Amino acid sequence: MSQYHIKNLEEYFQVYRKSVQNPEQFWEEIAEENFIWRKKWDKVLSWDFSKPELKWFEGAKLNITENCLDRHLHIRGNKTAILFEPNDPKAEAEHITYKQLYERVSEMANVLKDFGIKKGDRVCIYLPMIPELAISVLACARIGAVHSVVFAGFSAAALATRINDSDCKMVITSDGSFRGNKTIDLKGIVDKALEDCEGVETVLVAKRIHSEITMQEDRDYWLAPLLEVAYKDCGAEIMNAEDPLFILYTSGSTGMPKGMVHTTAGYMVYSAYTFKNVFQYNEEDVYWCTADIGWITGHSYIVYGPLANGATTVMFEGVPNYPDWGRFWEIVAKHKINQFYTAPTAIRALAKENLSFVEKYDLSSLKVLGTVGEPINEEAWHWYNDNIGKKKSPIVDTWWQTETGGIMISPIPFSTPTIPTFATLPLPGIQACLMDENGEEITENQMNGRLCIKFPWPSMARTIWGNHQRYKDTYFSAFENKYFTGDGALRDATGYYRITGRVDDVIIVSGHNLGTAPIEDAINEHPAVAESAIVGFPHDIKGNALYGYVILKEVGEGRDQNNLRNEINQLITERIGPIAKLDKIQFTSGLPKTRSGKIMRRILRKIAGNDTKNLGDTSTLLNPDVVDEIIKNAL
Ligand code: WTA
């Protein structure tokens, strides 16, 4: 990745200017120099945000796995591609070389083909963080099947919704997963989900925890014996630049999750280019991103970005507090990690524990630290900088989204001076801007606005699976001819961006995006519930936690409130997953509503955050009295 590899601030500005003045030439040079193509493109970019329609590298033919695997074989065939660190600290780490990864991906791809999976088919992957997960992802890409990875913490109902939405033919899962000292019955969850999924013909099952599970005849197959007899070579399906590579679901403000569709060439170019620049990866480095491959961070910065650069990428199966809160640092010391990328919520949790968990380990290999997923507060930033980076490793606070496919705003280590809580400057090619409430672009600095992007970049999601209108409405309708991120941001006097948080009905809890609507739908299913509203409130570790206001039906009145709270959280766990459970549930006789019947979440948010002094004008509400009642009974 030599072209436009940035090494100082001056270079950044030069490269940035070039990327804006002539974006097509800029991306063409990167694409040309750093990847292998079966056929080059006829046209670099065509776009129209009003439709919206986007095409990058049209006419090009390629397979992303040839860029992630084949081309490395003769130069770094024996280099570790994936370094797997198991949940059990006493179990040995597994070093999978590029050659071995190539063979294992080929075997898996051949198994998929044997079951009739072909180009364009959707395959759902519901696996823990074990090598089979990365291998399945790459095997799909090898044969042109579209992978849809569902985070293995989602419930059966949430899994079924995602399988059905994109009509997956196959599910790849495991008997179960290890999580610290617990195990989770993944196959049981899949079985339950599949009661509602008629389109699934095959379930492939990796053996991980050796639990007793039921296998349904002619549907469920153990993976290991199939892989054992599969060929270690599998020709790559030649894909068009704009063929879909994967679907990944993200929460929206209405009930259904949005299946964001990413396509092949643009995604490859952008994830690889940003990996190289944001982490300043060098050939001998060992890079670790603690995310799960079930999220976009894992797709772009555990699998595709690192492997396209021939990097050594760590996959960690476990959790930060098992066997104790020193686990991350033990791994850093053991594998001499050079780049470490995690979420603010993890940093806050780690910072609460005794420093001795950190001090026990030699962290001197670390060169670059990263964060992603939510705003990082100043205290957490300093803790990370002082105790982990020892003030010598730059922190890259990377802002981006499932929809953007890759990092958009971030410092470049050793080039961009960092300021805590600022994601700083847009990467080359990213034309960020702020918009005001009237739809005008804010050109001055030191202003707050809604964060938009005014020019396409290669890894933009191209649509929402099966619902292009929703894609248009969500991202391209708020501001004419701009991609709207859903985030608010401040731009300081020097042009640095600080992301202030979501401005829509998405709440980020422990780095996970949660839409309010699906949670409210789950609560409202409870027979005693008439209506509900969810808001976020500040939480020391999770960033935000969820506060629910619930109106009961007559049948619910007089019932034990704690029992009701447990039942409501149980329902949420079943419908979505434990990550969406509410920290506080307040029962109320009403919700503040505008005259048109809209719930005034702004007021509910303030009450939940214990900030009731400036509630603003409540007199125009349909039912102003209910506000006093809610304040009086606030938890
Ligand atoms: C938030 C994760 C502040 C933001 C890659 C965004 C951030 C949403 C940051 C996307 C950051 C992500 N600072 N906020 N560095 N990074 N966010 O789709 O609100 O899971 O819109 O993608 O996370 O979350 P997603």
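Rules used throughout
Residues numbered from 1 in each chain as written. Predicted model: local features only at pLDDT ≥ 70, side-chain atom pairs only at ≥ 80, totals over all residues. Heavy atoms only, no water. Pairing = 2+ DSSP bridges. Helix = DSSP H or I, 4+ residues; strand = E, 2+ residues; numbered from the N terminus. Buried < 20%, exposed > 50% of the residue type's maximum accessible area, 1.4 Å probe, protein only. Salt bridge = Lys/Arg side-chain N within 4 Å of Asp/Glu carboxyl O. Contact = heavy atoms within 4.5 Å. Phe/Tyr/Trp six-rings, centres within 6.5 Å; stacked < 30°, edge-to-face > 60°. Near = heavy atom within 4 Å. Polar contact = N/O pair within 3.5 Å; in protein donor to acceptor, adjacent residues only side chain to side chain.

Draft legend 1. Spotlight on the sheet that holds strand β8 (residues 170–174). On the basis of which strands lie adjacent, the open sheet formed by 8 strands has the order β12-β11-β8-β6-β7-β14-β15-β24 and mixed pairing. Two strands bound the open sheet, and with one partner strand each, they are β12 (220–222) and β24 (463–464). Here strand β6 (residues 122–126) pairs with β8 via 4 bridges, running parallel. Bridge pairing in β8 links I125 to I172.

Draft legend 2. The arrangement of the pairing of strand β18 (residues 339–342) in detail. Of the two faces of β18, the one lined by Q339 and Y341 and the one lined by F340 and T342 are each fully buried. Sheet analysis places strand β16 (residues 286–289) next to β18, joined by 3 bridges and oriented parallel. Each residue of the ladder has a partner; that of W288, found in β18, is F340. Bridging between β18 and strand β19 (residues 368–372) involves 4 bridges; their strand directions are parallel. Across the sheet, the residue bridging to T342 is T371, located in β19.

Draft legend 3. Molecular detail of the pattern of salt bridges. All told, the structure shown has 38 salt bridges when counted by the stated rule. Its salt-bridge partner being K187, residue D220 comes within 2.7 Å of it at the nearest N-O pair. Taken together, the positions of D220 in strand β12 and K187 in helix α8 (residues 186–194) put the pair 33 residues apart, joining distant regions of the chain. When its relative accessible area of 7% is taken as the criterion, D220 is described as buried. A salt bridge links E374 to R348, with the shortest nitrogen-to-oxygen separation between them at 2.9 Å. Separated by 26 residues along the polypeptide, E374 in the loop between β19 and α15 (378–388) and R348 in helix α13 (residues 344–351) bring together distant segments of the chain.

Draft legend 4. Structural view of the environment of A109. Among the secondary structure elements, A109 is positioned in helix α5 (residues 98–114). We classify A109 as buried; its relative accessible area is 0%. Each C-alpha atom of the pair A109 and G144 lies 9.8 Å from the other, and the pair is 35 residues apart in sequence. Those residues in contact with A109 that lie beyond four places of it in its chain are A139, R142, I143 and C234.

Draft legend 5. A look at the packing of aromatic side chains. Evaluated as defined, the whole model comprises 46 aromatic pairs. Considering the side-chain rings of F26 and Y273, the 6.0 Å spacing of their centres and the 85 degrees angle between planes classify their relative orientation as edge-to-face. One end of the pair, F26, is in helix α2 (residues 23–34); the other, Y273, is in helix α10 (residues 264–279), and 247 residues separate them in sequence. Residue F26 shares its accessibility class with Y273, and that shared class is buried. Measuring from centroid to centroid gives 5.7 Å for W288 and F316, while their planes differ by 90 degrees, and the two rings are edge-to-face. On the criterion of sequence distance, the pair formed by W288 in strand β16 and F316 in strand β17 (residues 312–316) is long-range, its members being 28 residues apart.

Draft legend 6. Looking closely at the site of the ligand. As a structural note, the neighbourhood of the ligand is formed by 17 residues, with D397, T398, T402, D487 and R502 the closest of them. R502 places a polar side-chain atom, nitrogen or oxygen, 2.7 Å from an oxygen atom of the ligand. Within the contact set of the ligand, an oxygen atom lies 3.1 Å away from a side-chain nitrogen or oxygen of N513. Going through the elements one at a time, α11 (296–308), β20 (395–398) and β26 (497–502) are the ones with two or more residues in the shell around the ligand.

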